[in-house]
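Spelled out from the first residue to the last, the chains are:
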2 protein chains.
Amino acid sequence: MPDGQIKAQTLKGFRDFLPAQMVLRQHVIGTLRHVFEQHGFEPLETPVLEYAETLEGKYGDDERLLYRFTDHGDRRVGMRYDLTVPLARVVGQYVNTLAFPFKRYQIQPVWRADRPQKGRYREFYQCDVDIVGTSSPLADAECVSLYYEGFRDLGFVNYQTLLNSRKLLTAIGIYAGAGEQAGSIFRAIDKLAKVGETGVIGEMIAGGVSIEASRRAIDIVKMSQGRRDQSDDLKLIANLRQPFADIPVGIAGLDELEAMIKLLPDFGVPDRYYKLDLTLARGLNYYTGAVFEVVSQDIQIGSLGGGGRYDELVGMFSGRSIPTVGASFGLERIIDVIEEAKIGGPLPRTTSEVFVTVFNSAMLASALAITGELRAAGINTEVAYEPDSGLKKQLRYAGNKGISLAIIEGPDEQAKGEVMLREIGESGDKDAIPNQTTVRRDEIVAAVKVRLAKP
Amino acid sequence: MPDGQIKAQTLKGFRDFLPAQMVLRQHVIGTLRHVFEQHGFEPLETPVLEYAETLEGKYGDDERLLYRFTDHGDRRVGMRYDLTVPLARVVGQYVNTLAFPFKRYQIQPVWRADRPQKGRYREFYQCDVDIVGTSSPLADAECVSLYYEGFRDLGFVNYQTLLNSRKLLTAIGIYAGAGEQAGSIFRAIDKLAKVGETGVIGEMIAGGVSIEASRRAIDIVKMSQGRRDQSDDLKLIANLRQPFADIPVGIAGLDELEAMIKLLPDFGVPDRYYKLDLTLARGLNYYTGAVFEVVSQDIQIGSLGGGGRYDELVGMFSGRSIPTVGASFGLERIIDVIEEAKIGGPLPRTTSEVFVTVFNSAMLASALAITGELRAAGINTEVAYEPDSGLKKQLRYAGNKGISLAIIEGPDEQAKGEVMLREIGESGDKDAIPNQTTVRRDEIVAAVKVRLAKP
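The model shown is predicted, which means the values in this text are computed figures rather than measured ones.

Visitor: Explain the overall build of chain A here, please?
Guide: Helix and strand counts for chain A stand at 15 helices and 16 strands. Seen through its principal axes, chain A has C-alpha atoms that stretch 90 × 60 × 45 Å. Once the 54 positive and 61 negative side-chain charges of chain A are each reduced to a mean point, those two points are 3 Å apart.

Written out as C-alpha cells, the structure reads:
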C-alpha cells in the first residue's frame, strides 16, 4: 500500500451490504412491508441520534452497550438502541397528531456495542410492528396473523407461533405457592423441552422453590402437552379455569387468550401455525399480557421473532398507561436462515435482468434502441459501455455480475432482422455450451419476458 | 409533566418521519430506485460508523461538521458524512469481488453538524448513482438519462439538465490568459444569469483578473446563448474548436461533450431536457470532466441534483485513478418541492386503503371475512379493533388516519346480501353528505377496486 494511503476496512461488527446481499435484504424487507401494509400498518422512521436522556434508564444493565457521545453543541446524545423507546417518544410527542390505535411498522438499523460473534452485529436492522392504544384481543390476533402471513410469503413452511400469557405465568406462580421465587419457576419451565421434567424440578429447587411448589407448577404446565389442533388449546384453557378459580389474574389471562385464539381462524391463520404453550416465558419484566414467539421446526435456531402485549412501556413519555401489543421480526436471523437454508428458492445475485452487448461502434445505436425498448417494457436492462471491447469481455462482465440473459446483435443478425438471446451461466462454468436462441428483432420484448417468466 | 418524566423531543436538525411523510418519502425513493434498477444499477449500503481516519482529510474545512467520537474499544469513529467516500472505500476493499464497471446506487442518511435552517438538516438522506471503472461517454450519457427519467417519473414537467465540462472551463481560463486567477473566472461566470455581463466582468476584475482576460472569457461564454435544440449544442462545440485549437484540454473536453451529447437521443432523452451551458461551474476541485446540474424552470429553487465525472476520487483507497461518473439526486429538496408544488398530483396520507367497520360483536366474523378477502386481492385493509364502539367513532378514526373508503355491513345489509361502501372525506368536513353506495356482498372486491382505480 502506498505511503499515506488509508486502509480500506470496516469496523468490527459492522457490515457493507454489497449488491447480492442487498437483493436478498430488499426481498425480505419488501415482503414483510407488503404484509404490514396489507394489514393497514403505516411506516415510521425516527432519527439515529436521540438525546441521551431519552434512552438512558430504559435498558437496564445493557445500557453500557449504548453508543453515547457529546455533540458539537455539548449535548449528550445516543444512537438508536431499539425501536420501542423511539416509538414511545413519538407517541408522547405527537399524541395530538396521531390517529389511535396507532398501527406502525418500523424497519431501521440499531446500534449496540456488544461483542460481535456469528449472527450478532454492532449494527443490525430491527423490524417491529406495534398497535398502540387498544386492549382489544383483535390486535393480539392480528399480530399472530402477521407472523403467519409474513413467514408464509417468505417461503417458510414448518413454523409456528407459540402463544402464552404473562398473566398465566403469574397465576402458575401463585397457584404453586412459590411466592417471591415465582421468577425461578418461569425461567425453569422455559427449559422443559430441553431438560425434561426432573431437570426443570431440579432447577426450580436450586432457585429456592420448595419441592411441593415445584411439583404443583409442573403439574399445571404438563396439562399443555399433546396438542393436535385449536380445540386442544381451548380445552386446555377450559381445564385451567378450575385450578385458577380463585386467582383473578389467571382468569383474566385465560379470558384474553381464549378470545385471541378463537379469533385466529377468522384472521385466516390455519390451525398448525400456532399453539398455546404454557412453557413460553419470554422477557417477563416487560410484557403484561399475551406473549408470542415464532419458532422454525425445520431448522435448529432460536426464535425467528417474538412479541406480546406490554401495556406499561409505550406510555413512558406520556405519563400514563397506553395499552400496546407488538410483533418483532428477527430480521437479521431471518435473512441468515433464508440464505443458509435457501428458503423460498434461489434469488438472483443482481437486480439487473438483461445485458445488451454492443458488437461494435457501428452497432451501438441499434443496441441502445433495444435497451430502451426492454426498459420501457419494465425489464431491468443494461448495455455494454465499451462498444469495441469485444463480445467475450462483455459477456464475462455480465456473467460476473450475475445477469442471466444477454442479447447479441451482429451485422449478420441485423441484416436478417434477428437477434440472439444467450443464457449466461455462473461465471465459473466457462466451458458450458452457451444456451442460445435466435429471435426476430421485433419479438425481442416478448421473447425476453418468456425467458424471465415475467407477466 | 409528572416528576422524573423525560420530555419527548427530537434533537434540533433531526426529524421523525410520521406516516404521511413516509408515504411521500417512500414514493419518491421507490420511483428513483425503479429507474436506477431499470438501468442496471445495483443497490449498496454501508455502515453508519466508519473508522475516523477513513473519513478524515476528505472534506476540507467541512470536516469540522463530522460527528466523531471514541467508541467502547477506544477507536476513533465517525458517522457517514456522504456516500462518495464510503463508495471509494468499498471499491478499495472489494476490488476482487465487484464486477467493473461497478454501477451502484445508494440511498442512505448522512450526518453533518451544520447549523439547521429551512431545508437544511443535521440528518438527511443522500441518493447517489455512480458508474465506477469506465471512461466511456456512454456512462456520462446514461447519467443524464437517469435525471430525465427520474424527474419525469416523479411528475416534473419543466426541468433540464445543464451540461458542461471541467475541461472547457480550464480551457476558457487558458484562452483568456487568466493564469492563476482562472478560479475567479469560473466563480464569476457561474452568476451570469443572475448579475449580467457587466456584473460578471466586475466580479472577475475584483477577483484579480485583468480586464482583457475578463472580456476574452465572457466572449467565449456568450457563444452559448440562444439555444433552441441539440443542433445548437453541437454548433457551439464546433465553433469552440477554433479558439481552443491550441489548447489540448479544451479539444479533449469538446470531444467528450460532443460524444455524450450525440448519444442522448439514443438514450431516449428529448431535446428540451438538456442544454450545454458554459456558465455551469459546479465544484471545480472535484470534477475532472463532464459536469451536470438539474434545474427546475417552474420553481425558484437551487438545483435538484448534480454530478459529473471525477476520475481521481474513487481510487483514493486503491492507490490509482479509477474513472468514475456519478449523478446525485437532491432527495430532501426533491421531497420538499414535490410537497410544496404538489408535483405528480396528491398522494394519500396513509398506506391504508380500506377500513372495514364492525357494526357490533355479532357482525365481527363477517367483517373479518370481508377484510381477509380484500387483503387477498392486494388491497391494504384494516378492520375496527373495537367491535362495539359504534360506527361514528370508527369512521372518525378512519377519517383522521386518511383512509378514503369504508365498508359498512349492518344486520339489514347482511340479510339482503349487501354492504355499503362509503367514501370518507378529510376529517375536517364532518358536515359533508357522505357519498355512499350499496354493492352486492359477492361483488365487494371488484367494487372496491373500481373505487381505488386498482387493476
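Now that the structure is up, let's keep going.
Visitor: Would you explain the relation of the copies chain B and chain A in this entry?
Guide: Between the two copies of the chain lies a rotation about an axis combined with a shift along it. Expressed as a screw operation, the relation of chain B to chain A combines 0.0 Å of axial shift with a rotation of 180°, fitting to an RMSD of 0.1 Å. What the superposition gives is, in effect, a two-fold axis relating one chain to the other. Across chain B, the smallest distance between a C-alpha and the rotation axis is recorded for Phe69(B), namely 3.2 Å. Most of the interface of chain B is mirrored in chain A, where 100% of its interface residues again form contacts.

Visitor: Where do I start with the interface of chain B and chain A in this structure?
Guide: At the interface, 98 residues of chain B touch 98 residues of chain A. Summed over both sides, the interface between chain B and chain A buries roughly 8300 Å², with carbon and sulfur atoms accounting for 58% of that surface. Ranking the residues of chain B by area buried against chain A places Leu11(B), Gln38(B) and Tyr385(B) at the top, with a combined share of 10%. Counting across the chain B and chain A interface gives six salt bridges. Of the charged contacts in the structure, one is a salt bridge between Asp16(B) and Arg89(A), with a shortest N-O distance of 2.7 Å.

Visitor: Can you help me understand helix 11 (residues 331-341) of chain B in this one?
Guide: Residues and elements named next belong to chain B. Along helix 11, the residues that are buried comprise Leu331, Glu332, Ile334, Ile335, Asp336, Val337 and Ile338. If you follow the buried residues of helix 11, they end up packed against helix 1 (19-38), strand 5 (102-111), strand 6 (123-132), helix 4 (137-154) and strand 11 (324-329). Just downstream of helix 11, Lys342 is the residue with a positive phi angle, here 50°.

Visitor: For this particular structure, what's the right way to read the pattern of salt bridges?
Guide: Two side chains bearing opposite charge may form a pair once their charged atoms approach each other closely. With the rule as written, the count across this model stands at 70 salt bridges over all chains. Between Glu340(A) and Lys118(A) there is a salt bridge, with its nearest N and O atoms 3.4 Å apart. Of the two residues, Glu340(A) sits in helix 11 (residues 331-341) while Lys118(A) sits in the loop between strand 5 (102-111) and strand 6 (123-132), which places them 222 residues apart along the sequence. The exposure classification of Glu340(A) matches that of Lys118(A), with both residues exposed. Residue Glu142(A) is joined to Arg375(B) by a salt bridge in which the shortest nitrogen-to-oxygen separation is 2.7 Å.

Cut-offs applied
Residues numbered from 1 in each chain as written. Chains lettered and ligands numbered in written order. Predicted model: local features only at pLDDT ≥ 70, side-chain atom pairs only at ≥ 80, totals over all residues. Heavy atoms only, no water. Helix = DSSP H or I, 4+ residues; strand = E, 2+ residues; numbered from the N terminus. Lys, Arg positive; Asp, Glu negative; His and termini not counted. Charge placed at Lys NZ, Arg CZ, Asp CG, Glu CD. Least-squares fit on C-alpha atoms with pLDDT ≥ 70 in both. Contact = heavy atoms within 4.5 Å. Buried area = accessible area lost by both parts, 1.4 Å probe. Salt bridge = Lys/Arg side-chain N within 4 Å of Asp/Glu carboxyl O. Buried < 20%, exposed > 50% of the residue type's maximum accessible area, 1.4 Å probe, protein only.

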